[in-house]
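Listed here are the chains, written in short residue letters.
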Amino acid sequence: MKLDELDRTIIRALVEDARATYAEIGAQVGLSAPAVKRRVDRLVATGAITGFSARIAPSALGWTTEAYVELFCRGKTSPAEIAAAAARHPEVISACTVTGEADALLHIRATDVRDVERIIERLAAEPFVVRTKSAIVLSRLVNGSPQTG
């Protein structure tokens, strides 16, 4: 999937405002609305654009607290096992395997510190988890979007 500069400009425009019309994007990039639509359709078909979504303020859903939890797993726990366990906890908004001592890093959102504690207790009860280490976010300093350039 090779992107040219027009593709990248269209993607930047969509990242900035996914509700922009093809005509509005076309005016920014110097293409007609049908030409922009064809390019967006191609970007979706090739997987360069994986979807469109609304960004919701976590506090609107009652999630006022967030934390990062490191999982330390026993034996040869597979990434698939960790992913399946993370998926069982709706408060886990992302999970990844990492380098270093921990096996995985989970990002969680919760209603308050007590809720964070309950979530960590549930995660620690997973059969493959040896221990956890957590950090509660005090303030978010940078909240960026994926770079398109």
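Calculation rules
Residues numbered from 1 in each chain as written. Predicted model: local features only at pLDDT ≥ 70, side-chain atom pairs only at ≥ 80, totals over all residues. Heavy atoms only, no water. Helix = DSSP H or I, 4+ residues; strand = E, 2+ residues; numbered from the N terminus. Rg over C-alpha atoms; globule rule 2.2 N^0.38 Å. Buried < 20%, exposed > 50% of the residue type's maximum accessible area, 1.4 Å probe, protein only. Contact = heavy atoms within 4.5 Å. Areas by Shrake-Rupley, 256 points an atom, 1.4 Å probe, with all protein chains shown as cover. Lys, Arg positive; Asp, Glu negative; His and termini not counted. Charge placed at Lys NZ, Arg CZ, Asp CG, Glu CD. Phe/Tyr/Trp six-rings, centres within 6.5 Å; stacked < 30°, edge-to-face > 60°. Lys NZ or Arg CZ within 6 Å of the ring centre and 35° of its normal. Axes fitted to C-alpha atoms, helices over the stretch in contact; angles between N-to-C directions. Parallel < 35°, antiparallel > 145°, perpendicular 65-115°, else oblique. Nonpolar A, V, L, I, M, F, W, Y, C, P; charged D, E, K, R; others polar. Salt bridge = Lys/Arg side-chain N within 4 Å of Asp/Glu carboxyl O. Polar contact = N/O pair within 3.5 Å; in protein donor to acceptor, adjacent residues only side chain to side chain. Pairing = 2+ DSSP bridges.

Caption draft 1: Layout of the overall build of the protein chain. Summing up its helical and strand segments, the protein chain has 5 helices and 4 strands in all. Written out in order from the N terminus, the α and β elements of the protein chain read α-α-α-β-α-β-β-α-β. Relative to the globule expectation of 15 Å for 149 residues, the C-alpha radius of gyration of the protein chain, 20 Å, shows a markedly less compact shape. Principal axes of the C-alpha set define a box for the protein chain whose edges measure 55 × 35 × 25 Å. For the protein chain, the residues scored as buried account for 30% of the 149 residues in total. Taking all contacts inside the protein chain whose residues are at least 6 apart in sequence as the whole, residues at least 24 apart take part in 64%. When the accessible surface of the protein chain is summed, it comes to about 9,700 Å², and 55% of that surface belongs to carbon and sulfur atoms. Side-chain charges of the protein chain comprise 19 positive and 18 negative groups, with the mean position of each set lying 4 Å from the other.

Caption draft 2: Structural context of the packing of aromatic side chains. This structure, assessed with the given rule, holds 0 aromatic pairs. Sitting over the face of the ring of Phe-72, Arg-131 holds its NZ or CZ atom 3.8 Å from the ring centroid.

Caption draft 3: Examining the packing of helix H2 (residues 22-29) against helix H3 (residues 33-45) more closely. Direction vectors running N to C along H2 and H3 enclose 100°, while the axes themselves pass 8 Å from each other. On the basis of the axis angle, H2 is roughly perpendicular to H3. When H2 is examined against H3, the residues Tyr-22, Ala-23, Ile-25, Gly-26 and Val-29 are found in contact with a partner set consisting of Ala-33, Val-36, Lys-37, Val-40 and Asp-41. Broken down by class, the residue content of the contact of H2 with H3 amounts to 7 nonpolar, 1 polar and 2 charged.

Caption draft 4: Representation of the pattern of salt bridges. Following the criterion strictly, the structure yields 11 salt bridges and no others. Here Arg-122 and Glu-91 are joined by a salt bridge, their closest N and O atoms 2.7 Å apart. With Arg-122 in helix H5 (residues 113-124) and Glu-91 in the loop between helix H4 (79-87) and strand S2 (92-97), this residue pair connects regions lying 31 residues apart in the sequence. Note on Arg-122: relative accessible area 35%, which makes it partly exposed. When its relative accessible area of 14% is taken as the criterion, Glu-91 is described as buried.

Caption draft 5: Geometry of the side chain of Glu-91. Side-chain polar atoms of Glu-91 contact the side chain of Arg-122, separated by 2.7 Å. In contact with Glu-91, not counting residues within four places along its chain, are His-107, Ile-108, Arg-109, Ile-119 and Arg-122.

Caption draft 6: Geometry of the sheet that holds strand S3 (residues 104-110). Pairing is antiparallel in the open sheet, where 4 strands are placed in the order S2-S3-S1-S4. Here the strands that pair on one side only, and so sit at the sheet edges, are S2 and strand S4 (129-136). When the angles between neighbouring strand axes are averaged without regard to direction, this sheet yields 20°. When strand S1 (residues 65-73) meets S4, the two strands line up antiparallel, connected through 7 bridges. By the bridge assignment, Glu-70 is partnered in S4 with Lys-133. Against the sheet, H4 engages S1, S2 and S3, with an angle of about 170° to S2.

None of this, on its own, says anything about what the molecule does.
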